[in-house]
Amino acid sequence: MGTITGLWLLLLVLMLAVGGKQGISSFLSLLVNFGILFFSIVLISFQFNPLAVGIVASVVLLAITIFWSSASDTASMMAFWSSLIVMVILIVVIVITSNWAAVGGFGLEDSEELEGGLTTLIGINFTQIAMVTTLLSSLGAISEAAIAIASGLDEITSQHPQISAIDLTKDGIQIGHQIIGTALNTLFFGFFGSSLALFIWLTGLDYSLGEIINDKVFATELMAILIAVLGVILTIPITAHLMSRHWSSVVTKQKRIEMISRFNPFYYSTVTWLA
């Protein structure tokens, strides 16, 4: 048994022991997402447009991640729509910043591998590859924040059915304030942890601070983290707004049913039975 196989089995056992059926569902969604990412790589290698493949894969990944979670149907739907809205905004930001920063392709640190017999003449737009990488890197943080806020607000409405839409939005923003700090630390710790070897390498090459900041490899990783943080921040008000609008429509529908029932009790009993 290889090390990777052993880690997969350990992950499966722990997810089953801690999460039960939901742990199995999460593990299966992880495998499906891995398969989608691998299939996306194959499509890109077959000369399909990288950005188009990345966008379609991102939508599918968001749907699987959100709807296979333990959140309610309402929370899952609102989290999915808010994630899609944030994804569209991030795509615009990514396209603009990636072209402006010129982060596509290889850096000077990759010259040794390229000179060893590899070639970059494979007919793929590396700028679009950088865009797709940045987009996919932000999906996990966006979906996590959307599900957390939508589930929290859904629980609030179930415990306090008389809450107004305005107060619900305020509660969503308050929940978001608590999420931002954890999300920021998670993203930046992951960035510095995964790039530690790069930092040591750049330091060993006697790079100045300005050279490190302008290094293509470093800039690509840092830009991906900053855009993911931007996505988390945008997810908070958008999810809170969608949940409050949904709750407002539910309250309005309930009031309409109650008003009609005053004049037609049979209508109220029929609607209640159908619900």
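For the structure itself, consult the block above.
Residues numbered from 1 in each chain as written. Predicted model: local features only at pLDDT ≥ 70, side-chain atom pairs only at ≥ 80, totals over all residues. Heavy atoms only, no water.

A.B. asks: Where do I start with the side chain of Ser-58 in this structure?
C.D. replies: Among the secondary structure elements, Ser-58 is positioned in helix α3 (residues 50–67). Residue classification places Ser-58 among the buried positions, given a relative accessible area of 0%. One polar contact links the side chain of Ser-58 to the main-chain carbonyl oxygen of Gly-54, over a distance of 2.6 Å. Not counting residues within four places of it along the chain, the set of residues in contact with Ser-58 comprises Met-87, Leu-135, Leu-136 and Leu-139. (Helix = DSSP H or I, 4+ residues; strand = E, 2+ residues; numbered from the N terminus. Buried < 20%, exposed > 50% of the residue type's maximum accessible area, 1.4 Å probe, protein only. Polar contact = N/O pair within 3.5 Å; in protein donor to acceptor, adjacent residues only side chain to side chain. Contact = heavy atoms within 4.5 Å.)

A.B. asks: Looking at this structure, how should I read the packing of aromatic side chains?
C.D. replies: The geometry of two aromatic rings is summed up by the distance between their centres and the angle between their planes. For the coordinates displayed, the defined rule picks out two aromatic pairs. With 5.2 Å between their ring centres and 50° between their planes, Phe-67 and Phe-80 make a pair best called tilted. Here the residue Phe-67 occupies a position in helix α3, and Phe-80 occupies one in helix α4 (residues 73–101), the gap between them amounting to 13 residues. According to the relative accessible area criterion, Phe-67 is partly exposed, its value standing at 36%. Classification of Phe-80 by relative accessible area gives buried; the value is 11%. Ring-pair connections join several aromatic residues into one group, and the members of that group are Phe-67, Phe-80 and Trp-81. (Phe/Tyr/Trp six-rings, centres within 6.5 Å; stacked < 30°, edge-to-face > 60°.)

A.B. asks: Just to check I follow, could you spell out the nonpolar core for this structure?
C.D. replies: As a rule of thumb, nonpolar side chains are buried together in soluble globular proteins. Counting residues in hydrophobic clusters, the biggest one holds 55 residues, and the most contacted among them are Met-87 and Leu-153. Listed by contribution, the elements that provide at least two residues to this core are α3, α4, α6 (126–159), α7 (165–194), α8 (196–204) and α10 (216–263). Take this core: its biggest share by element is 14 residues, from α10. (Core = buried A, V, L, I, M, F, W, Y, C linked by side-chain atoms within 4.5 Å.)

A.B. asks: Help me out: how do you make sense of the side chain of Gln-128 in this one?
C.D. replies: For Gln-128, the position within the fold is in helix α6. For Gln-128, a relative accessible area of 17% gives the class buried. A distance of 3.5 Å separates a polar atom in the side chain of Gln-128 from a polar atom in the side chain of Asn-49. What Gln-128 contacts, discounting residues up to four positions off in sequence, is Asn-49, Pro-50 and Leu-51.

A.B. asks: Help me understand the packing of helix α2 (residues 21–45) against α3, please; the structure alone is not making it clear to me.
C.D. replies: The angle between the axes and the distance between the axes are what describe a pair of packed helices. Where α2 contacts α3, the two axes come as close as 10 Å, and the packing angle between them is 170°. Comparing the axis directions of α2 and α3 gives the class roughly antiparallel. Contacts from Ser-29, Val-32, Asn-33, Ile-36, Leu-37, Ser-40, Leu-43 and Ile-44 of α2 reach α3 at Pro-50, Val-53, Ala-57, Val-60, Leu-61, Ile-64 and Thr-65. Residues of the contact of α2 with α3, tallied by class, amount to eleven nonpolar, four polar and no charged. (Axes fitted to C-alpha atoms, helices over the stretch in contact; angles between N-to-C directions. Parallel < 35°, antiparallel > 145°, perpendicular 65-115°, else oblique. Nonpolar A, V, L, I, M, F, W, Y, C, P; charged D, E, K, R; others polar.)

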